[in-house]
Amino acid sequence: MSRLVLVSNRLADPRKPAAGGLAVALGDALAASGGLWFGADHEVIEDGDPRAGELRVQRAGRVTLVTVKVARGDYERYYRGYANGVLWPVFHYRLDLAQFDAGHMDAYRRVNRLFAQKLQPLLQPDDVIWVHDYHLIPLAAELRALGCQQRIGFFLHIPLPPPLILAAIPAHEWLMQALFAYDLVGLQSEADLNHLRSYLSSEARAEVFSSHRFGAFNRVLRAGAFPIGLDVDAFAALTQGAAARKTLATMREQYAHRRLLVGVDRLDYSKGLPQRLRAIRTLLERHPETRYSATLIQIAAPSREEVDAYGDIRRELEGLAGAINGDFGDLDWMPIRYLHRTVARNRIPGLYRASAVALVTPLRDGMNLVAKEYVVAQDSADPGVLVLSRFAGAAEQLTDALLVNPYDTEGTAEAIRRALVMPLEERRQRHERLLAKIRRYDVHWWSKTFLDSLLEAHP
Ligand code: ADQ
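Residues numbered from 1 in each chain as written. Predicted model: local features only at pLDDT ≥ 70, side-chain atom pairs only at ≥ 80, totals over all residues. Heavy atoms only, no water.

### Quick word on the pattern of salt bridges
Tallying each qualifying case throughout the model produces 34 salt bridges. With a shortest N-O distance of 2.9 Å, E46 and R72 are connected by a salt bridge. Of this pair, E46 sits in the loop between β2 (36-40) and β3 (55-60) while R72 is found in helix α2 (residues 72-91), placing the two residues 26 residues apart along the sequence. E46 sits in the partly exposed class, given a relative accessible area of 46%. The exposure class of R72 is partly exposed, given its relative accessible area of 31%. D233 is the salt-bridge partner of R439, the closest N and O atoms lying 3.1 Å from each other. Remark: D233 occurs in helix α8 (residues 232-240) and R439 occurs in helix α15 (residues 424-440); sequence separation between them is 206 residues. (Salt bridge = Lys/Arg side-chain N within 4 Å of Asp/Glu carboxyl O. Helix = DSSP H or I, 4+ residues; strand = E, 2+ residues; numbered from the N terminus. Buried < 20%, exposed > 50% of the residue type's maximum accessible area, 1.4 Å probe, protein only.)

The structure is reproduced here in structure tokens:
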């Protein structure tokens, strides 16, 4: 069995239950192969500190964690400036929020090169390398330049926009050419794969050998849609855990006479939060029977607060929630409870289960795991209803949710009303079909299918 080498901007200790994300998804595969996980060190050092480039090596069971120290100036421009100031907004179709600045791109390149220089000496000829997300698009090209011949795959967790949006990035040719250094590129959805295909044929004049194989720059690139999933059993177990049950009991007691709607998001402009609150206002205006009977609990975890656009969205949301509560609330009822904070992971399933409706309405999202978590946390005898944006990657799979266009305030309000009055039988049928999909395409399916395809792509 080849050793798995995982590379991502940040890493977590796969043995810690709170780790979540990739640590959960790939922890088993890493441990089974005695794998290596490489990324940036959490300690960002000051510019001029001679420790820049130093490695920290830790053992976590059978897994070796290696992190590299990056100097503050470069790290900020690579992470905040380019990855989150240019790539995140553009890849979420928000050209208006992108901060195109050439200096940042240089730092992005430099940090990727530093990663490659520090990782390359640690590699063995038979390793399988799996690079994650938009922070590290040029990493394989930098590794190849150092002579690496290993199999290298890449997974993009965020959407890939249509060609003319991508082409707004000043160095888009360089960025997209860098993908050809990978043997396999994985995307979240068929829509993303279509965008890649049309970009490559129109902008890069690549030869399209098949729907998944492209030739350009003297290399062949394979690409596919690998929708990421959950560790369903682990999440179901969390739902039965003490913390989740306690949360469920508290919510039921506090909201005994109300129906709960829930939203759980990182506070990010891609998540469609202002649009969601406007839909709630329309619901309350158009359907007065929902007043006093329904409450939205919206949890928005602080995220990337040092980026300007995030401060703006926070103020907008606070204004909207305050105005709705002011206009409609009463001494014994508020339509919206808005919390700007992270809720402990083991309590979240209790909150989901207490809620009759989940609102997952991003304007654009790679996948959105909250949608899947909500379904798994339901009581199948009396499940809640998922209202899901058609612009989340998850909508390609979760067609039994109530799919909405989050820009259509009235349509979304109508879907929320429909969710609130949906008969039990329909709720059960929809839930059963959703859960079957989520179980079938779980995180183990995701990692195995990607890694098998990577091995095939590069025999
Ligand atoms: P995110 O944009 O972070 O991830 P998502 O897929 O919804 O979005 O995952 C968020 C995770 O964080 C979920 O497990 C959720 O429970 C948790 N979470 C969110 N808000 C929270 C809060 N307020 N308190 C506590 N926990 C909270 C990126 C992409 C997604 C893609 C994932 C995985 O943007 O599209 O689905 O990676 O590939």
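### Structural notes on the domain arrangement of the protein chain
In terms of domains, the protein chain is made up of domain 1 (4-229 + 443-457) and domain 2 (232-440). For domain 1 versus domain 2, the separation of C-alpha centres amounts to 31 Å. Listed per partner, the contact involves 22 residues of domain 1 and 18 residues of domain 2. The tally of links between domain 1 and domain 2 comes to 1 salt bridge. Applying the counting rule to domain 1 against domain 2 returns 7 residue pairs in polar contact (both at pLDDT 80 or more). (Domains from an automatic or database assignment. Contact = heavy atoms within 4.5 Å. Polar contact = N/O pair within 3.5 Å; in protein donor to acceptor, adjacent residues only side chain to side chain.)

### Things to note about the nonpolar core
Generally speaking, soluble globular proteins have nonpolar side chains that are buried together. Of all hydrophobic cores here, the largest spans 102 residues; its most connected members are V7, L87, F91, F115 and I137. Ranked by the residues each element gives to this core, the list is headed by α2, at 9 residues. Here this core gathers at least three residues from each of two domains, domain 1 (4-229 + 443-457) and domain 2 (232-440). Setting aside chain neighbours within four positions, we find F115 in contact with V7, S8, N9, F38, G39, A40, V68, Y78, L136 and L139. In this structure, L184, L260, V262 and A354 belong to the second largest nonpolar core, which totals 57 residues. (Core = buried A, V, L, I, M, F, W, Y, C linked by side-chain atoms within 4.5 Å.)

### So, the packing of aromatic side chains
The full count for this structure, using the stated rule, is 20 aromatic pairs. Consider the rings of F155 and W446, whose centres lie 5.1 Å apart with planes at 80°: the pair is edge-to-face. Linking F155 in strand β6 (residues 151-155) with W446 in helix α16 (residues 443-457), this pair joins segments that are 291 residues apart in sequence. Each member of the pair F155 and W446 is classed as buried. The interplanar angle of 90° and the centroid separation of 6.0 Å between the aromatic rings of Y352 and Y374 together place this pair among those described as edge-to-face. With Y352 in helix α12 (residues 348-354) and Y374 in helix α13 (residues 369-377), the pair connects residues that are 22 residues apart, well separated along the chain. (Phe/Tyr/Trp six-rings, centres within 6.5 Å; stacked < 30°, edge-to-face > 60°.)

### Quick notes on empty space enclosed by the protein
Within this structure, the stated rule accounts for 3 cavities of 30 Å³ or more. In this structure, the largest cavity is lined by Y374, V375, Q378, G384, V385, L386, D400, M422, R427, R430, H431 and L434. Put simply, the parts of the chain that give the lining of the largest cavity at least two residues each are α13, β15 (385-389) and α15. By residue number, the principal contributor to the lining of the largest cavity is α15, which donates 4 residues. A class-by-class count of the residues in the lining of the largest cavity yields 6 nonpolar, 3 polar and 3 charged. (1 Å grid on protein atoms, 1.4 Å probe; cavity = no way out; pocket = protein on both sides within 12 Å on 5 of 7 lines; lining within 4 Å. Points joined across faces, edges and corners; volume = space filled by probe spheres on them. Nonpolar A, V, L, I, M, F, W, Y, C, P; charged D, E, K, R; others polar.)

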